[in-house]
Amino acid sequence: MVRAFKPADLTEALRLRKETACVPLAGGTDLMVKYRNWTGLPPAFPGDVLFLSHLKELQTLERRGETLRIGAGVPLADIAAWPETPAVLREAVRGIAAPAIRNVATLAGNVCNASPAGDGICALYALDARLELTSVDGTREVSILAFITGPGRTVLRRDELVTAVLVPRRAANIQVFRKVGTRKANALAKLSFAAVGEVKEGIVDAMALSFGAVGPTVVRSTETEKRMAGKTLAEVTALAPSIVEDYAALIVPIDDQRSTAAYRKTVALNLLKSFLEGLKEKVKGI
Ligand SMILES: Cc1cc2nc3c(=O)[nH]c(=O)nc-3n(C[C@H](O)[C@H](O)[C@H](O)COP(=O)(O)OP(=O)(O)OC[C@H]3O[C@@H](n4cnc5c(N)ncnc54)[C@H](O)[C@@H]3O)c2cc1C
């Protein structure tokens, strides 16, 4: 018999997390699909369920110095509407599912589900986001790159909850998110691409590029990004063929019900090429 816990506050939620083998449930939009059952029967959860979305401690959107703190229970719709949300994340969140899902689903749920096709995850990689993980013993922070270790796999301990997604506030006059799907709503990505960069006086100061649904985790290469830093826009555009070659070696997609490996790789590299060749038009404020 599965038990369902609705803790009064975060302290009680953390205690239950430590003492029971419960499944945390935020919006439930991944979990209800994962454990769906025959019509008329309740979902087939493998263990007790811990409801989180009502917890006030997880509901806040805050700017703390140079960090944006997105509470783990904040619905995607509120994140999309928050003026502080970086444009690349807003665009990614607005493309997730459809309004009804976005009213209950969370960014923390998107991250913990750890799908390589998670739209929020692709943007968060390019933003160098971190996860705030809390247990009764304390809080730690882990970068999203270290948090997700494979499809559906994370380093979250059995006694921990994600309490917030932390996004550094950085100057970024390039912010691009592109999702390729079968249709505009309620379609998981065949592949996605995010770019976050800063160009100062025509020189690339920083550039982060990430690709979703083209490997077991989101693909990002800080080595290749470093090749663009300190270059003029024209120099980066001239480097495009060699940068595309770098990513061609890293992007190793699979065939599945949504797309083929060949399509994913071709389109991901085409998006990158077009981004690098049109870099000047991507910079806001030039
Ligand atoms: C019709 C439909 C369309 C969809 N379209 C998209 C799409 O376009 N793009 C996309 O990326 N996703 C899509 N999804 C997937 C899903 O909506 C998102 O991944 C969503 O962000 C999940 O958030 P949630 O709060 O509902 O997670 P839940 O289902 O509640 O949880 C997901 C996972 O995270 C864990 N979890 C949740 N919160 C915490 C926490 N605070 N601490 C620890 N673990 C936690 C859960 O235990 C579970 O393993 C779609 C889903 C549906 C049903």
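Engineer: I keep staring at the nonpolar core and nothing clicks. Help me out?
Structural biologist: What tends to happen in soluble globular proteins is that the nonpolar side chains get buried as a cluster. By size, the foremost hydrophobic cluster in this structure holds 41 residues, and its most contacted members are Leu89, Leu107 and Leu124. Looking at which element gives the most residues to this core, the answer is helix H7 (residues 119–126), with 6 residues. Both of domain 1 (4–51 + 58–168) and domain 2 (174–282) provide at least three residues apiece to this core. Residues Leu191, Ile243, Ile251 and Leu279 belong to the second largest nonpolar core, which totals 31 residues.

Engineer: What's the story with the pairing of strand E5 (residues 67–71) in this structure? I'm lost.
Structural biologist: In regular strands, side chains alternate between the two faces of the sheet. Across the 5 residues of E5, 5 count as buried, placing the element largely inside the fold. The alternating pattern of E5 places Thr67, Arg69 and Gly71 and Leu68 and Ile70 on opposite faces, both of which are buried. With 4 bridges connecting them, strand E4 (residues 61–64) and E5 associate as antiparallel partners. Bridge pairing links Glu62 to Arg69 in E5. Where E4 folds back on E5, the antiparallel hairpin that results is connected by 2 residues, among which Gly65 adopts a positive phi of roughly 60°. Here E5 pairs with strand E10 (residues 161–168) via 5 bridges, running antiparallel. In the sheet register, Leu68 faces E10, and the bridge partner there is Val167.

Engineer: Before we go on, may I ask you to explain the site of the ligand in this structure?
Structural biologist: Around the ligand there are 32 residues in total, and Pro24, Thr29, Asp30, Thr106 and Asp119 lie nearest to it. Between Pro24 and the ligand, the recorded distance is 2.6 Å, taken from a backbone N or O atom to an oxygen atom. Between Ala97 and the ligand, the recorded distance is 3.1 Å, taken from a backbone N or O atom to an oxygen atom. Protein contact buries 89% of the 990 Å² of open area that the ligand shows by itself. Put simply, the parts of the chain that give the shell around the ligand at least two residues each are strand E2 (23–25), helix H2 (31–34), helix H6 (107–113) and E10. Broken down by element, the residue count for the shell around the ligand peaks at 4 residues, all from H6. Here the shell around the ligand is built from residues that sort into 19 nonpolar, 10 polar and 3 charged.

Engineer: I tried to follow helix H10 (residues 233–250) on my own but got confused; where do I start?
Structural biologist: Owing to its 3.6 residues per turn, the α-helix aligns residues three or four sequence positions apart on the same side. For H10, with 18 residues, the first-to-last C-alpha span of 24 Å sits near the 26 Å given by 1.5 Å per residue. Among the residues making up H10, those that are buried are Leu233, Val236, Leu239, Ala240, Ile243, Val244 and Tyr247. Each element contacted by the buried residues of H10 is listed here: strand E12 (191–200), strand E13 (203–212), helix H9 (222–228), helix H11 (261–277) and helix H12 (279–282).

Engineer: Would you explain the domain arrangement of the protein in this entry?
Structural biologist: Note: interface size is frequently given as the accessible area lost on complex formation between the parts. Domain assignment breaks the protein into domain 1 (4–51 + 58–168) and domain 2 (174–282). The straight-line distance from the C-alpha centre of domain 1 to that of domain 2 is 25 Å. Approximately 1,800 Å² of surface area, both sides summed, lies buried where domain 1 meets domain 2, with 63% of it carried by carbon and sulfur atoms. Where domain 1 meets domain 2, there are 2 salt bridges. Where domain 1 packs against domain 2, one counts 9 residue pairs in polar contact (both at pLDDT 80 or more). Elements supplying a minimum of two residues to the side of domain 1 that touches domain 2: helix H4 (87–94), H7 and strand E8 (148–150).

Engineer: Help me out: how do you make sense of the packing of H4 against H7 in this one?
Structural biologist: For any two helices packed against each other, the geometry comes down to the angle between their axes and how far apart the axes lie. Contact geometry of H4 with H7 gives a least axis separation of 8 Å together with a crossing angle of 170°. On the basis of their axis angle, the class for H4 and H7 is roughly antiparallel. Taken together, the residues of H7 that come into contact with H4 (itself represented by Val88, Leu89 and Ala92) are Asp119, Gly120, Ala123 and Leu124. Of the residues that constitute the contact of H4 with H7, the class distribution is 5 nonpolar, 1 polar and 1 charged.

Engineer: Can you help me understand the sheet that holds strand E11 (residues 174–180) in this one?
Structural biologist: The strands making up a sheet are joined through hydrogen bonds of the backbone, oriented either antiparallel or parallel. Judged by pairing direction, the sheet is antiparallel, and its 3 strands sit side by side in the order E11-E12-E13 without closing on themselves. Two strands lie at the open edges of the sheet, namely E11 and E13, each paired on one side alone. Neighbour-to-neighbour, the strand axes of this sheet turn through a mean angle of 10°, independent of strand direction. Note: E12 against E13, 9 bridges, orientation antiparallel. What sits directly across from Ser192, in E13, is Gly212. Its contacts with the sheet place H7 against E11, E12 and E13, and it is angled at close to 25° to E12. Taken strand by strand, H11 contacts E11, E12 and E13, and its axis lies near 20° from that of E12.

The rules behind each value
- Residues numbered from 1 in each chain as written.
- Predicted model: local features only at pLDDT ≥ 70, side-chain atom pairs only at ≥ 80, totals over all residues.
- Heavy atoms only, no water.
- Core = buried A, V, L, I, M, F, W, Y, C linked by side-chain atoms within 4.5 Å.
- Buried < 20%, exposed > 50% of the residue type's maximum accessible area, 1.4 Å probe, protein only.
- Helix = DSSP H or I, 4+ residues; strand = E, 2+ residues; numbered from the N terminus.
- Domains from an automatic or database assignment.
- Pairing = 2+ DSSP bridges.
- Near = heavy atom within 4 Å.
- Polar contact = N/O pair within 3.5 Å; in protein donor to acceptor, adjacent residues only side chain to side chain.
- Areas by Shrake-Rupley, 256 points an atom, 1.4 Å probe, with all protein chains shown as cover.
- Nonpolar A, V, L, I, M, F, W, Y, C, P; charged D, E, K, R; others polar.
- Expected span 1.5 Å × (residues − 1).
- Contact = heavy atoms within 4.5 Å.
- Buried area = accessible area lost by both parts, 1.4 Å probe.
- Salt bridge = Lys/Arg side-chain N within 4 Å of Asp/Glu carboxyl O.
- Axes fitted to C-alpha atoms, helices over the stretch in contact; angles between N-to-C directions.
- Parallel < 35°, antiparallel > 145°, perpendicular 65-115°, else oblique.

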